[in-house]
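So you can see what is in the structure, the chains are spelled out below.
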There are 2 protein chains.
Amino acid sequence: MAGHQILVRQVDPTSDRAVFRQIADHLREAIQDGRLRTGEKLPSEAQLMEHYNVARMTVRQAIQELKAEGLAVSEHGRGVFVRARPPVKRLAFDRFARRHRKEGKAAFLAESESVGAKADVDMIKVREAPAPGDIAERLRVSPDETVVVRSRRYSLDGTPVELATSYIPVDLARGTRIMDDNPGPGGIYARIEEQGRQLERFIEDVSTRMPTHEEARLLLLGPGVPVFRLIRTAYDVEGRPVEVCDTIMPGDAYLLSYELPAH
Amino acid sequence: MAGHQILVRQVDPTSDRAVFRQIADHLREAIQDGRLRTGEKLPSEAQLMEHYNVARMTVRQAIQELKAEGLAVSEHGRGVFVRARPPVKRLAFDRFARRHRKEGKAAFLAESESVGAKADVDMIKVREAPAPGDIAERLRVSPDETVVVRSRRYSLDGTPVELATSYIPVDLARGTRIMDDNPGPGGIYARIEEQGRQLERFIEDVSTRMPTHEEARLLLLGPGVPVFRLIRTAYDVEGRPVEVCDTIMPGDAYLLSYELPAH
DNA sequence: GAGTGGTCTAGACCACCAC
DNA sequence: TGGTGGTCTAGACCACTCT
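Residues numbered from 1 in each chain as written. Chains lettered and ligands numbered in written order. Predicted model: local features only at pLDDT ≥ 70, side-chain atom pairs only at ≥ 80, totals over all residues. Heavy atoms only, no water.

S.K.: Please clarify how the overall build of chain A should be interpreted in this entry.
M.R.: Tallying secondary structure elements over chain A gives nine helices and 10 strands in all. Taking 2.2 N^0.38 as the reference for a compact globule, 263 residues should give roughly 18 Å; the C-alpha atoms of chain A span a radius of gyration of 24 Å, well beyond that estimate. Just so you have it, chain A exposes about 12600 Å², and 50% of that area is on carbon and sulfur atoms. Seen as two clouds, the 39 positive and the 40 negative side-chain charges of chain A have centres 2 Å apart. (Helix = DSSP H or I, 4+ residues; strand = E, 2+ residues; numbered from the N terminus. Rg over C-alpha atoms; globule rule 2.2 N^0.38 Å. Areas by Shrake-Rupley, 256 points an atom, 1.4 Å probe, with all protein chains shown as cover. Lys, Arg positive; Asp, Glu negative; His and termini not counted. Charge placed at Lys NZ, Arg CZ, Asp CG, Glu CD.)

This is the structure in structure tokens:
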């Protein structure tokens, strides 16, 4: 093993800064200036204890800090590693252009094909249920009015990338393939347009927060990775909201791109 | 004190789930179903130790988990409290409409006035420096080509809400008030349009991550709060990028709203 | 079996806050 | 001054991974 070259400095016990934070600082710098590269193993807890001459809880607190920042992940029995950043997927502002629906693809499939990835949808559940408050407001239905709720999980090459729940007024969904697990070519939006309700625009409301435990489990998120919450409302040409889609996406895997007018 | 009503359950020592996680689960449920309200104090570490009959490090791990999720904040010498969510500010998709500039207001001031808050800008620094790689690409200049860099911090009613850094090609900035700390009425965009370069559109690239330590300090962020990173590129009517603005915003204080075309 | 991280105990001293 | 959280020590036993 010959000792870790990255361990050169010692902590300053007279400093105001807590010892565990100083250790975290050393490791953070090593990661950020490339002395520790993506996927590489950090010194073990035992090595850090010996080098800095501190108790185990102290080095664990330092490592905990790096994990919370999303810089490191631990693997039981193997070690602590510099987190590998997933390739970032850019969601373009024209991703709901009608030409995609015309080609018989739902938005997600159209997007993923363009990057040569294999898309999957699982955990599909369709039911009728009351609309939650913020959704009802966007859909312009009474709070707790029954709507059709479609939830599902999207994966790309086997990695879960999105949890989505759509809310559709019952009069637009009942008796259509929107009630089926597979809504057919072009997805929900194509089924809505078939009813003569041409879509005109979408409003997306983007927020971010730390995931709940359930979300972290379903999206295989490590600690220190926030999620995007994206609430999209689809409007038809008459200005009526015809669908609200509430999606949760890993924050480290997406870049959302939008166009704004200057006039 | 009469004991905490929220402490009713005990942990199951035979469960696979770690004791500290079970304690965190109890507290999380109490917060989420309203038994512990915003701003309210959690039971102290000593109380939790006694109730669950565990060591101090165990209850501290439970509390640590809640803090990482952004559900609680600790105050030295006072206690641990249910995190107060700041009022969420909605950024509308028409916020760069020219009418705001015509009224002599920069975008930030126009926005904040509409909600009746007092806006401040501090930590203003203007300098010439090489453009970072991702910025240079958006600005279509060579990597490390010198550009004008304007950084500043925005506050609302005394609370810091945004760290922003603008990059402007030197030929558009030198000799104008863009080089001044105060760029004048209507902000940078107004100064650019005065040079006959009418703005046509903006592209905003939105990402999210945990803040660096420096960002958490400048934005007064607690643990467990992610940030938005928003990179906005401004284009003139000829399609030339005339400014790139890189901003960091507390993720719990903003909701970004965008409009997407369906055609 | 040796090495790793995960969990937990039972203390200690300190800094900060409210009374 | 007593209660609070912040930091740190020095152990223990366990589960997991690799060889």
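Now that the structure is up, let's keep going.
S.K.: Even after reading the chapter, I still don't get unusual backbone geometry, so can you show me in this structure?
M.R.: Glycine aside, residues mostly have negative phi angles, and peptide bonds mostly take the trans form. Residues and elements named next belong to chain A. Even without a glycine there, the phi angle at Arg-140 is positive, about 55 degrees. If you trace the backbone, Arg-140 turns up in the loop between α6 (133–139) and β5 (146–156). Here the phi dihedral of Asp-144 falls at roughly 70 degrees; this positive angle occurs in a residue that is not glycine. By the element assignment, Asp-144 lies in the loop between α6 and β5.

S.K.: I tried to follow the pattern of salt bridges on my own but got confused; where do I start?
M.R.: Where side chains of opposite charge bring their charged atoms close, a pairing between them can arise. Counted according to the given criterion, the structure contains 44 salt bridges over all chains. Salt-bridge contacts for Arg21(B) lead to Glu65(B); the nearest nitrogen and oxygen are separated by 2.8 Å. You can see Arg21(B) sitting in helix α1 (residues 19–32) and its partner Glu65(B) sitting in helix α3 (residues 56–68), a full 44 residues away along the chain. Here the salt bridges share partners, and the residues they tie into one network are Arg17(A), Arg21(A), Asp25(A), Arg28(A), Glu65(A) and Glu69(A). (Salt bridge = Lys/Arg side-chain N within 4 Å of Asp/Glu carboxyl O.)

S.K.: Just to check I follow, could you spell out the protein's contact with DNA strand C for this structure?
M.R.: As a matter of local geometry, DNA strand C sits amid 25 residues, with Glu45(A), Arg56(A), Val19(B), Ala55(B) and Thr58(B) nearest to it. The sugar-phosphate portion of DNA strand C accounts for 64% of its atoms within 4 Å of the protein, the bases making up the rest. The backbone of Glu45(A) places a nitrogen or oxygen atom 2.9 Å from a phosphate oxygen of DNA strand C. For DNA strand C, a phosphate oxygen lies 3.3 Å from a polar atom in the backbone of Phe20(B). Looking at the surface near DNA strand C, the elements with two or more residues in it are α3 (56–68), β1 (72–75) and β2 (79–82) of chain A together with α1 and α3 of chain B. For the surface near DNA strand C, the element with the highest residue contribution is α3(A), accounting for four residues. The class makeup of the residues in the surface near DNA strand C is eight nonpolar, eight polar and nine charged. (Near = heavy atom within 4 Å. Polar contact = N/O pair within 3.5 Å; in protein donor to acceptor, adjacent residues only side chain to side chain. Nonpolar A, V, L, I, M, F, W, Y, C, P; charged D, E, K, R; others polar.)

S.K.: What is the right way to look at the packing of helix α1 (residues 19–32) of chain A against α3(A) in this model?
M.R.: The description of two packed helices rests on the angle between their axes and on the distance between the axes. All names here are of chain A. Contact geometry for α1 and α3: axes closest at 8 Å, N-to-C directions at 50 degrees. Here α1 is positioned oblique relative to α3, judged by the angle of their axes. When you trace α1 past α3, the crossing you get is right-handed. Side by side, α1 and α3 meet where Val-19, Phe-20, Arg-21, Ile-23, Ala-24, Leu-27 and Arg-28 of the first sit next to Thr-58, Gln-61, Ala-62, Glu-65 and Leu-66 of the second. Residues of the contact of α1 with α3, tallied by class, amount to seven nonpolar, two polar and three charged. (Axes fitted to C-alpha atoms, helices over the stretch in contact; angles between N-to-C directions. Parallel < 35°, antiparallel > 145°, perpendicular 65-115°, else oblique. Left-handed = near helix turned anticlockwise from the far one by under 90°. Contact = heavy atoms within 4.5 Å.)

S.K.: What should I look at first to understand the packing of aromatic side chains in this one?
M.R.: For any pair of aromatic rings, the description rests on two quantities: the centre-to-centre distance and the angle between the ring planes. Under the criterion given, the structure shown has four aromatic pairs over all chains. Note on Tyr258(A) and Tyr258(B): the rings are 3.9 Å apart at their centroids and 0 degrees apart in plane angle, and the pair reads as stacked. Placement of the pair is Tyr258(A) in strand β10 (residues 254–261) and Tyr258(B) in strand β10 (residues 254–261), with the two residues belonging to separate chains. Each member of the pair, Tyr258(A) as well as Tyr258(B), is classed as buried. Over the aromatic face of Tyr235(A) sits the side chain of Arg201(A), whose NZ or CZ is 4.7 Å from the ring centroid. (Phe/Tyr/Trp six-rings, centres within 6.5 Å; stacked < 30°, edge-to-face > 60°. Buried < 20%, exposed > 50% of the residue type's maximum accessible area, 1.4 Å probe, protein only. Lys NZ or Arg CZ within 6 Å of the ring centre and 35° of its normal.)

S.K.: Looking at this structure, how should I read the pairing of strand β7 (residues 199–209) of chain B?
M.R.: A large share of β7(B) lies buried, amounting to eight of its 11 residues. Two elements, β10(A) and β7(B), share six bridges in a ladder whose sense is antiparallel. Note that in β7(B) the partner of Ser257(A) across the bridge is Asp205(B). Where β7(B) meets strand β8 (residues 227–236) of chain B, 10 bridges bridge the pair, whose relative direction is antiparallel. When the sheet's bridge partners are listed, Val206(B) is paired in β8(B) with Leu230(B). (Pairing = 2+ DSSP bridges.)

S.K.: Help me out: how do you make sense of the protein's contact with DNA strand D in this one?
M.R.: The local shell around DNA strand D holds 25 residues, among which Val19(A), Ala55(A), Thr58(A), His76(A) and Arg56(B) are the closest. In DNA strand D, atoms within 4 Å of the protein come 67% from sugar and phosphate. At 3.4 Å, a side-chain N or O of Arg21(A) approaches a phosphate oxygen of DNA strand D. Interatomic distance of 3.0 Å between a side-chain N/O atom of His76(B) and a base nitrogen of DNA strand D.

S.K.: Help me understand the packing of helix α2 (residues 45–52) of chain B against α3(B), please; the structure alone is not making it clear to me.
M.R.: All names here are of chain B. For the pair α2 and α3, the least separation of the axes is 9 Å and the interaxial angle reads 115 degrees. Judged by the inter-axis angle, α2 sits roughly perpendicular to α3. Of the two elements, α2 crosses α3, and the hand of that crossing is right-handed. Facing α2, whose interface residues are Glu-45, Leu-48 and Met-49, α3 presents Arg-56, Val-59, Arg-60 and Ile-63. Broken down by class, the residue content of the contact of α2 with α3 amounts to four nonpolar, no polar and three charged.

S.K.: I tried to follow the side chain of Glu69(B) on my own but got confused; where do I start?
M.R.: In this structure, Glu69(B) sits in the loop between α3 and β1 (72–75). Note on Glu69(B): relative accessible area 13%, which makes it buried. Other than its neighbours up to four places away in sequence, Glu69(B) contacts Met210(A), His213(A), Arg28(B) and Gly224(B).

Remember, this is a structural readout, not a statement about activity or role.
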